[in-house]
Amino acid sequence: MEKADTPLQQVQANIAQACKIARRDPGEVTLVAVSKTHPAEAIQPLLIEGQRHFGENRVQEAQSKWPALRDEYPAVQLHLIGQLQSNKAEDAVALFDAIHSLDRPSLVKALGKAMDKTGRRVPCFVQVDVGEEEQKGGCPIAELPALLDQAREADIPIAGLMCIPPFDIEPTPFFALLDKLARDHGPADDSWGRSMGMSGDYETAVKLGATHVRVGTALFGERG
Ligand SMILES: *Cc1c(COP(=O)(O)O)cnc(C)c1O
């Protein structure tokens, strides 16, 4: 008897299908499994299945869960996907392999300082406020060029752009906008990443150029 697909296999198959439709190479898309709120026991099965990229939104929670799991699985790559307070910048730089929420000058300063101090230069995505919703964080589009200049001056490696579109609205225009911003502001070879797409819309995001999809609920079930 054939075994049913696991949630991870289903999500991977959906990404592969979206890539096929968009004529993209599935190797261009990194699945970041968003494990926030879920305990180590819920994460273990995905590690056993081979998943290596994980996302957390709180520094403290990640510090309590990941060092032990990482001892067992040293290839794990941790992504910080949540808003970051400047006073946690040093802890974040020490723990995470990528930061998806660089969104303001004070954080550029704090992260630049933390990277100088630790000698770890962690790639950062600049979060852009594509839906003009201040409460989600994100740099206003008009302020993006200045923020990118500041990040360059602080010697922060920019991995690309990230967005969280408004809920309950068709996300397609927002994903297309982030893709365009990455093309317009990134290097000439268009090598910047696009961190966009969550459980409800990651296939759409992949069709519109996502390089990093951040998927929680579709892999772990509802958060408590
Ligand atoms: C929680 C979260 C996700 C994952 O959301 P799901 O809908 O559970 O897939 C993705 N991105 C960010 C920034 C998040 O905070």
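Each chain carries its own residue numbering, running from 1 in the direction its sequence is written. Since the coordinates come from a predicted model, pLDDT governs what is reported: local features require at least 70, and pairs of side-chain atoms require 80 or more to be given and counted, while whole-chain, interface and lining totals use all residues. Calculation of side-chain values draws on the structure's entire complement of heavy atoms; hydrogens and water are dropped beforehand.

As a further point, take empty space enclosed by the protein. Residues are called lining when one of their atoms sits within 4 Å of a cavity or pocket point, these points coming from a 1 Å grid over the protein atoms alone, where a cavity is a set in which a 1.4 Å probe fits but cannot get out and a pocket is an open set with protein on both sides within 12 Å along at least five of seven lines. Grid points are joined across faces, edges and corners, and a volume is the space filled by probe spheres set on the points. Tallying each qualifying case throughout the model produces 1 cavity of 30 Å³ or more. Looking at the largest cavity, its volume works out to about 40 Å³. For the largest cavity, the full set of lining residues is Q127, V128, D129, V130, K136, G137 and I164. Note on residue categories: nonpolar means Ala, Val, Leu, Ile, Met, Phe, Trp, Tyr, Cys or Pro, charged means Asp, Glu, Lys or Arg, and polar means any other residue, Gly included. Split into classes, the residues belonging to the lining of the largest cavity amount to 3 nonpolar, 2 polar and 2 charged.

UniProt positions are given in the numbering used here, feature names are shortened, and annotations may be inferred rather than shown by experiment. The residues that UniProt annotates with the feature "domain: Alanine racemase N-terminal" (unreviewed entry) are residues 8-222. To qualify as a helix, a DSSP run of H or I must reach at least 4 residues; to qualify as a strand, a run of E must reach at least 2; elements of each kind are numbered from the N terminus. Regarding residues 8-222, the helix share stands at 43% and the strand share at 16%, and the terminal C-alpha atoms are separated by 15 Å.

Turning next to the pairing of strand β4 (residues 98-102). Exposure categories follow from relative accessible area, calculated using a 1.4 Å probe and restricted to protein chains: below 20% of the type maximum is buried, above 50% is exposed, and the middle band is partly exposed. Here β4 lies mainly inside the structure; 5 of its 5 residues are buried. A pair of strands is labelled paired if DSSP reports no fewer than 2 bridges between them. Relative to β4, strand β3 (residues 77-80) is paired through 2 bridges, and the arrangement is parallel. The residue bridging L80 from the neighbouring strand is I99, located in β4. Look down the strands so they point away from you; if the path from the first strand over the helix to the second goes clockwise, the crossover is right-handed. At this point the chain moves from β3, through helix α4 (residues 89-95), to the parallel β4, and the crossover so formed is right-handed.

Time to look at the layout of surface pockets. By volume, the largest pocket amounts to about 410 Å³. As for the largest pocket, its lining consists of 22 residues, of which K36, I164, F167, M198 and R214 are closest to the centre. When its residues are assigned to classes, the lining of the largest pocket shows 11 nonpolar, 6 polar and 5 charged. A volume near 190 Å³ is recorded for the second largest pocket.

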